[in-house]
Amino acid sequence: MTGLVIVGHGTRSAAGVEQFAALVERVRGRGDIGDVEGGFIELSRPPLTDAVGALVARGHRALVALPLVLTGAGHGKGDIPAAMAREQQRHPGLSYRYGRPLGPHPLLHEALEQRIDAALAGADRAGTELAGADRAGTEPAGADRAGTWVALIGRGSTDPDANAEVAKVARLLWEGRGYAGVEPGFISLASPSVPAVLERLRRLGARRIVVAPYFLFAGVLPDRIVAQSAEFAAAHPDLDVRVAEVIGDCDALADLVLERYAEALGGDIRMNCDTCAYRVLMPGFADKVGRPQRPHDHPDDPVGHHHHHGHDHHDHGHDHGSVAVVGGGPGPDDLITVRGKALLDAADVVVVDRLAPQGLLAGLRPDVLVVDAAKVPRGPSMAQEAINEALVSHARAGRRVVRLKGGDPYVFGRGHEEVQACAAAGVPVTVVPGVSSALAAPALAGVPVTHRGVAHDVTVVSGHLPPGHPDSLVDWAALARARGTVVLLMAVDTIGKIASVLIEHGRAPETPVLAVQDAGLPDQRSVPARLDEIGAVAAREGVGPPAVFVLGPVVALTTTGPTA
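Residues numbered from 1 in each chain as written. Predicted model: local features only at pLDDT ≥ 70, side-chain atom pairs only at ≥ 80, totals over all residues. Heavy atoms only, no water.

Novice: Is there a simple way to think about the overall build of the protein in this case?
Specialist: Each helix and strand in the protein was counted, giving 15 helices and 18 strands. Here the protein holds 564 residues, and 53% of them are scored as buried. Taking all contacts inside the protein whose residues are at least 6 apart in sequence as the whole, residues at least 24 apart take part in 74%. A total of about 23400 Å² of accessible surface is found on the protein, and carbon and sulfur atoms cover 54% of it. (Helix = DSSP H or I, 4+ residues; strand = E, 2+ residues; numbered from the N terminus. Buried < 20%, exposed > 50% of the residue type's maximum accessible area, 1.4 Å probe, protein only. Contact = heavy atoms within 4.5 Å. Areas by Shrake-Rupley, 256 points an atom, 1.4 Å probe, with all protein chains shown as cover.)

Novice: So what exactly am I meant to see when it comes to the environment of Ala 438 here?
Specialist: Tracing the backbone shows Ala 438 in helix 12 (residues 437-444). Separated by 31 residues in the primary sequence, Ala 438 and Gly 407 place their C-alpha atoms 8.3 Å from one another. What Ala 438 contacts, discounting residues up to four positions off in sequence, is Val 449, Val 460, Val 487 and Leu 489.

Novice: When you look at the packing of aromatic side chains in this model, what are you seeing that I'm missing?
Specialist: Any two aromatic rings considered together are summarised by their centre-to-centre distance and by the angle between their planes. Across all of its chains, the model carries three aromatic pairs by this definition. Each ring, one from Phe 20 and one from Phe 40, has its centre 4.3 Å from the other, and the planes form 40°; the classification is tilted. Taken as a pair, Phe 20 in helix 1 (residues 14-30) and Phe 40 in strand 2 (residues 36-40) lie far apart in primary sequence, 20 residues in all. Given the relative accessible area of 4%, Phe 20 is considered buried. When its relative accessible area of 4% is taken as the criterion, Phe 40 is described as buried. Geometrically, the ring pair formed by Tyr 96 and Tyr 98 is edge-to-face, given 6.3 Å between the ring centres and 85° between the ring planes. Within the aromatic cluster, the residues linked to one another by ring pairs are Phe 20, Phe 40 and Phe 217. It is Arg 171 that lies over the ring of Trp 174; its NZ or CZ is 4.7 Å from the centre. (Phe/Tyr/Trp six-rings, centres within 6.5 Å; stacked < 30°, edge-to-face > 60°. Lys NZ or Arg CZ within 6 Å of the ring centre and 35° of its normal.)

Novice: I tried to follow the sheet that holds strand 1 (residues 3-8) on my own but got confused; where do I start?
Specialist: Sheets are built from strands that pair by backbone hydrogen bonding, the pairs being arranged parallel or antiparallel. Read from one edge of the open sheet, four strands run 2-1-3-4, paired in parallel fashion. For this open sheet the edge positions go to strand 2 and strand 4 (95-98), each flanked by a neighbour on one side alone. Each strand axis lies, on average, 30° off the axis of its neighbour in the sheet, ignoring direction. Inspection of the sheet shows strand 1 paired to strand 2 by five bridges, in the parallel sense. Paired with Gly 8 across the bridge in strand 2 is Phe 40. In this fold helix 1 packs onto strand 1 and strand 2, with an angle of close to 160° to the strand it touches most, strand 2. (Pairing = 2+ DSSP bridges. Axes fitted to C-alpha atoms, helices over the stretch in contact; angles between N-to-C directions.)

Novice: What exactly am I supposed to notice about the nonpolar core here?
Specialist: The tendency in soluble globular proteins is for nonpolar side chains to be buried as a group. The biggest cluster of nonpolar side chains holds 46 residues, and the ones touching the most others in it are Leu 4, Ile 6, Val 27, Leu 68, Leu 152 and Tyr 214. Apart from residues lying up to four places away in sequence, Tyr 214 is in contact with Leu 70, Gly 103, Pro 104, Leu 108, Leu 112, Leu 152, Ile 153, Gly 154, Val 166, Val 169 and Ile 247. (Core = buried A, V, L, I, M, F, W, Y, C linked by side-chain atoms within 4.5 Å.)

Following this line, the structure appears as structure tokens:
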């Protein structure tokens, strides 16, 4: 018979580890499956690699890997499959079928109902009495559900589909059970928070509230639910606030594990992909579409020393942050891409430089942190290393970070350096191309960089280093011999020297040149000149950054007419 490996995320709670182990033993004791092991992908022992290794050692080459998670969020979609892929590399020939998350499911709803009834009967979680109304008249379980409101509190995720499942469970828990109402909330990463849900219920007229943690086992986050509920109850002594137990090791959970095992064997896992943020563009989550499913750091030793950052703000904060390096376009607010704007709208942190569209910052949510990474020529400048560190540190803290850059991040924008820094730190990173000023500035000035019968090639060159500089990588002589269009970026201070060298190596002195300053902005202006005059003309006209120089016969095709 195909072996079963039950895969948990891991917890720093000894009680949670014990409950997981008890469930594995309960499933094993049923005798329905020939061989069962359980392991964690991090934080706790036994590690997944030991569990798989034990099954392989007993002759199994085909397994069912069942993610012991309630919703299909990052752990179930990315981390556990990646951990199993490592096991396949470790054990050549190993195959596995992947089970679906446990919820929503009637067995879980019934277990939640039982935990709520126990709380109504006076059996608070861990025997803890919360501050609040007098309990002297406590009713037996289920005696007065009509007067009881339930706050169903899930983990919270940056995956909207996972959060929606908690809301679905809340509704299913309400239907037909006679509660006054059931409201969903989250303990981390999503809203509404525990205090916010309790306050909402208070304003709706609730006098008795049972807080039901939608968690399988004990852990840091369920403990936090208790603490926040107790704090709210203490501040509102007129309310009767109780906290139910987590689902825990029980027959219903074992039954569900066996059901998911049978589904996986039969190929009937019925994953919900219609609202998966990795497949469908969801408002505020555009950065996830098409993103490869990469795990966060889960080395085989799960005891915790492999982490490069803390878990101070929630149980596993490191896997939820991400960085998007977004090209903001040449300057106007409306020339950013649709995907770039969606990422910006969803951002928690925006690291921005002076060439990015500044007007976009006005539309950010009030709680978004804006980090100024200005790189002003001969002025204030944030070191690239500091920018890299800011991106990584905020992402590791669980935040969605947008690095908003001018133009395209991969065209003289040092964007790939930032991508490399994130990749080296294990931070998920994506790149959103932008409209480069190398093409946009000429276009906005009425100049096509290519045109049939006039120019069949265009070369984009950085002019920040003058010809002859030991660090310059440009072959200026070869460039002078070319017949097509040349676009120079960052060349305000070097245009005179560049023009001289191009003429020296064969470019015609009368070659038309157009300097385009502040492209797309209200102050945009164009300054025309011959190649042999552009240095003097640019200085005389006060051309300053940001400016783009376009030279070649296409300049004569301008339709809008150059303006000084």
